[in-house]
Amino acid sequence: MIPSLVCPKDAPRVLHRVHHQILRSHHLFEPLNEEQMDELMASSHLLNVDKGEPLFRQGEPADAFYFVIAGAVKIYRLTPDGQEKVFEVIGERQTFAEAMMLMDTPNYVACAEAVCPTQLYRLSNATYMRLLHSNSRLTFALLGKLCVRLHQRVNEIETLSLKNATHRVVRYLLTQLVRLHSADSSFELPMAKQLIAGHLSIQPETFSRIIRRLIDEKIITQDGRLIAILDRPRLEQFE
């Protein structure tokens, strides 16, 4: 099923301006001036996709990257025996597949699929790279941000390699709390526990067991996907 397209130029002006401001908050777009931003948006498309709809498959030509307005997308690869290995779940105000553009990789190296009804922008690699070549401020700003993200990824790899399952779950919960800037120490898990467990390289039963321990210790509460942190210092020290 082909995702439905909504061209930004045909969308209501107010909606377009709201999206424009949201995009501006991301490091890939903040250094662009208004003329450059308009040029990028003119070659983009606003997509509305249902749960389970693919954005791209591994091996397809990598001619675009994406910015999530609302919803979530999982990035995964299939193992030789047909099992999914989820690398990341991309939430709102995040981009994905931009690495293919910056690495000049001709094809996508993974698959992307909506895990719930999702709205997102499909942005032209060719247009962005043309703007990048003509804007040194954008180039250096992007390099700085990518260095920070690389450092974060190295820390995540270290955690997955050296820490046990409990540490992984605790780190994941704390990361979600920080990422969502929650003022009341509560947040919604962005995906089902099976996907979270796959992302953390643990079994779903292990994830559930650790969450139950945290609940029994009165460190967190859970109501469906809603998690509330009752005692953050204890959570940070939990083993």
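Before reading further, recall that the structure is shown in the block above.
Bear in mind that the values here come from a model prediction, so they are computed numbers and not experimental data.

Quick notes on the sheet that holds strand β10 (residues 186-188)
Alright, step 1. The sheet built from three strands is open, its strands ordered β10-β12-β11 with antiparallel pairing. For this open sheet the edge positions go to β10 and β11 (220-223), each flanked by a neighbour on one side alone. For this sheet the average axis-to-axis angle between neighbouring strands, irrespective of direction, equals 20°.
Alright, step 2. In this sheet, strand β12 (residues 226-229) lies alongside β11 in antiparallel orientation, the contact comprising four bridges. When the bridges of β12 are listed, Thr221 appears paired with Ala228.

Observations regarding the nonpolar core
Alright, step 1. The biggest cluster of nonpolar side chains holds 39 residues, and the ones touching the most others in it are Phe29, Leu55, Tyr66, Phe96, Leu120 and Tyr128.
Alright, step 2. Residues within four places of Tyr66 in sequence aside, it is in contact with Leu47, Leu55, Phe56, Gln94, Thr95, Phe96, Ala97, Tyr108, Leu120, Tyr121, Arg122 and Leu123.
Alright, step 3. Core analysis: the next-biggest nonpolar cluster, separate from the first, contains 32 residues, Ala72, Val89, Leu189 and Ile202 among them.

Section: helix α2 (residues 34-42)
Alright, step 1. Looking at α2, one finds that the buried residues are Gln36, Met37, Leu40 and Met41. Seen along its axis, α2 keeps its buried residues to an arc of 135°; they face one direction. α2 presents Glu35 and Ala42 as exposed residues on the side facing more than 90 degrees away from its buried surface.
Alright, step 2. At the N-terminal end of α2, a side-chain oxygen is found 3.2 Å from the backbone nitrogen of Glu35, two or three residues along, and the residue is Asn33.

Remarks on the pattern of salt bridges
It is possible for side chains of opposite charge to pair when their charged atoms get near one another.
Alright, step 1. Scanning the entire structure with this criterion turns up nine salt bridges.
Alright, step 2. Where Arg57 meets Glu113, a salt bridge forms, and the shortest distance between an N and an O atom there is 3.8 Å. Here the residue Arg57 occupies a position in the loop between β3 (54-56) and β4 (64-70), and Glu113 occupies one in strand β8 (residues 111-114), the gap between them amounting to 56 residues.
Alright, step 3. Residue classification places Glu113 among the buried positions, given a relative accessible area of 14%.
Alright, step 4. In this structure, Lys74 and Glu113 form a salt bridge, with 3.8 Å as the shortest nitrogen-oxygen distance. Note that Lys74 is positioned in strand β5 (residues 73-78) and Glu113 in strand β8, a separation of 39 residues in sequence.
Alright, step 5. Owing to a relative accessible area of 8%, Lys74 belongs among the buried residues under this scheme.
Alright, step 6. Among the charged side chains, a salt-bridge network with shared partners connects Arg57, Lys74, Glu84 and Glu113.

What counts, and at which threshold
- Residues numbered from 1 in each chain as written.
- Predicted model: local features only at pLDDT ≥ 70, side-chain atom pairs only at ≥ 80, totals over all residues.
- Heavy atoms only, no water.
- Pairing = 2+ DSSP bridges.
- Helix = DSSP H or I, 4+ residues; strand = E, 2+ residues; numbered from the N terminus.
- Axes fitted to C-alpha atoms, helices over the stretch in contact; angles between N-to-C directions.
- Core = buried A, V, L, I, M, F, W, Y, C linked by side-chain atoms within 4.5 Å.
- Buried < 20%, exposed > 50% of the residue type's maximum accessible area, 1.4 Å probe, protein only.
- Contact = heavy atoms within 4.5 Å.
- Arc of directions from axis to C-beta.
- Polar contact = N/O pair within 3.5 Å; in protein donor to acceptor, adjacent residues only side chain to side chain.
- Salt bridge = Lys/Arg side-chain N within 4 Å of Asp/Glu carboxyl O.

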